Amino acid sequence: MTLGLSLLAGLCGVLLALGVLWPLRTRGRAGFTAACLSVGVVAASLYLLVGDPRAAREAAATPTLADLRQGVQALEQSLQRDPQRADGWVLLGRSRSELGQADGAADAFARAAALAPDDAGVLVEAAQARAQADAGKRFDDTALQWLRHAMAVQPDAERAAWLMGIALRQRGRDAEAVQVWSALLPRLQGGAATALQEQLSIARAAAGEQAPSPADKDTSPLKVRIVLPAGFDVSQWPDGTALFVLARAVGGTPMPVAVKRFPLSALPETVELDDADSPMPTAPLSAQARVEVVARLSRTGNATRGDDDLESDPVAVDVPHHGEVTVRLR
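Time to look at the overall build of the protein. When you go through the protein residue by residue, the secondary structure sums to eleven helices and eight strands. With 330 residues in all, the protein has 39% of them scored as buried. Counting contacts in the protein only where the partners sit at least 6 residues apart, residues at least 24 apart contribute 59% of the total.

All right, on to the packing of helix α5 (residues 86-98) against helix α6 (residues 102-115) then. Packing of α5 against α6 leaves a shortest axis separation of 8 Å and a crossing angle of 160°. Between α5 and α6, the angle falls in the class roughly antiparallel. Considering how the two elements wind past one another, α5 and α6 form a crossing that is left-handed. Between α5 and α6, the residues in contact are Ala86, Trp89, Val90, Leu92, Gly93, Arg94, Arg96 and Ser97 and Gly104, Ala105, Ala108, Phe109, Arg111, Ala112 and Leu115, respectively. A class-by-class count of the residues in the contact of α5 with α6 yields nine nonpolar, three polar and three charged.

By secondary structure assignment, the location of His322 is in the loop between β7 (315-318) and β8 (324-328). Here His322 falls in the exposed class, since its relative accessible area comes to 60%. Remark: the alpha-carbon pair of His322 and Leu222, spanning 100 residues in sequence, is separated by 7.5 Å. Excluding its chain neighbours within four sequence positions, the residues that come into contact with His322 are Asp218 and Ser220.

Counted by the stated rule, this structure contains 14 salt bridges. When the shortest N-O distance is used, the salt bridge between Arg173 and Glu176 registers 2.9 Å. Since its relative accessible area comes to 31%, Glu176 is described here as partly exposed. The partner of Lys260 in a salt bridge is Asp277, with the nearest N and O atoms 3.8 Å apart. Within this pair, whereas Lys260 is found in strand β3 (residues 258-263), its partner Asp277 is found in the loop between β4 (270-273) and β5 (290-298), the two being separated by 17 residues in sequence. On the basis of relative accessible area, Lys260 is assigned to the partly exposed category, the value being 27%. According to the relative accessible area criterion, Asp277 is buried, its value standing at 14%.

The biggest cluster of nonpolar side chains holds 44 residues, and the ones touching the most others in it are Leu92, Phe139, Leu147 and Trp181. At the level of elements, α4 (62-81), α5, α6, α7 (120-133), α8 (141-153), α9 (158-170), α10 (174-184) and α11 (190-206) are the ones that each hand at least two residues to this core. Broken down by element, the residue count for this core peaks at eight residues, all from α7. Excluding anything up to four places from it in sequence, Trp181 contacts Ala161, Trp162, Gly165, Ile166, Arg169, Leu196, Gln199, Leu200 and Ala203. Membership of the second largest hydrophobic core comes to 26 residues, among which are Leu273, Leu285, Val291 and Val293.

Quick look at the sheet that holds β8 now. What the three strands build is an open sheet, ordered β4-β1-β8; its pairing is mixed. The open sheet has two edge strands, β4 and β8, and neither has a second partner. In this sheet, neighbouring strand axes are inclined to one another by 30° on average, regardless of whether the strands run parallel or antiparallel. Bridging between strand β1 (residues 222-227) and β4 involves four bridges; their strand directions are antiparallel. Note that in β4 the partner of Lys223 across the bridge is Glu272.

The rules behind these values
Residues numbered from 1 in each chain as written. Predicted model: local features only at pLDDT ≥ 70, side-chain atom pairs only at ≥ 80, totals over all residues. Heavy atoms only, no water. Helix = DSSP H or I, 4+ residues; strand = E, 2+ residues; numbered from the N terminus. Buried < 20%, exposed > 50% of the residue type's maximum accessible area, 1.4 Å probe, protein only. Contact = heavy atoms within 4.5 Å. Axes fitted to C-alpha atoms, helices over the stretch in contact; angles between N-to-C directions. Parallel < 35°, antiparallel > 145°, perpendicular 65-115°, else oblique. Left-handed = near helix turned anticlockwise from the far one by under 90°. Nonpolar A, V, L, I, M, F, W, Y, C, P; charged D, E, K, R; others polar. Salt bridge = Lys/Arg side-chain N within 4 Å of Asp/Glu carboxyl O. Core = buried A, V, L, I, M, F, W, Y, C linked by side-chain atoms within 4.5 Å. Pairing = 2+ DSSP bridges.

Next up, the structure:
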């Protein structure tokens, strides 16, 4: 509880500093930002040093909310004087959202979106705030347009793609939602991938589609030829050295969609990667449209690259790829 209250104290400090120091921002944005953050850090630190959680339990919640509302009011007044700050409207939208003011938050984010029309993060937050302010929690045409533009300016915007699928499903356009979410799924990991897979199955059923079966996919292995540097001397490498050959989605996360490890004593000339080598069952190699193949000879034997390791340049290929991919360790 002490940590939570200290964070709240820090937030209130930042909001109050924004209101008080806003006129000084023209003297330098970096200094202005540092000053506001410093006030927040000091407020949080003071609470950790002298704050008493028992006082918070004994006191009514109104004073804390009043402090936060006071900070929001100061920020609103500052934005009235200088309404051209997209970051100020974003902060106001988030603060209003924390206070449960959904309509006010949506209005603030709309102002931010108008000032930063090509900022994917702002557009996504604006679309979500607009849906939260709707009685039915629906994404209207404006919110949908924001999401489309966010995906256009930042194709790897995962949150935009997730919300776009929801917006399309709300309109009964399940097949389009399946298309958007299918492209998103390989970029997710763990619980996020599992959750999306469940929603994707529901969307496919609603669209009258079936999930692709293994028989429908070309799961041919990806053949990789490893070329060692000229004059390579295995005796100069420690026994724990290991070769990693991996494929990862182009434009996706660094997490490989297929990987194999070989000890120094069994360095191969050719390697085959397939779905069985995927560390993520929800994103196998055969589900990718395009991958880049990399080989790395690690002195420490772990997957993290070291300064003395040998690594090939990535080679991008379409999947499935019929033929051999050559990677050269350097």
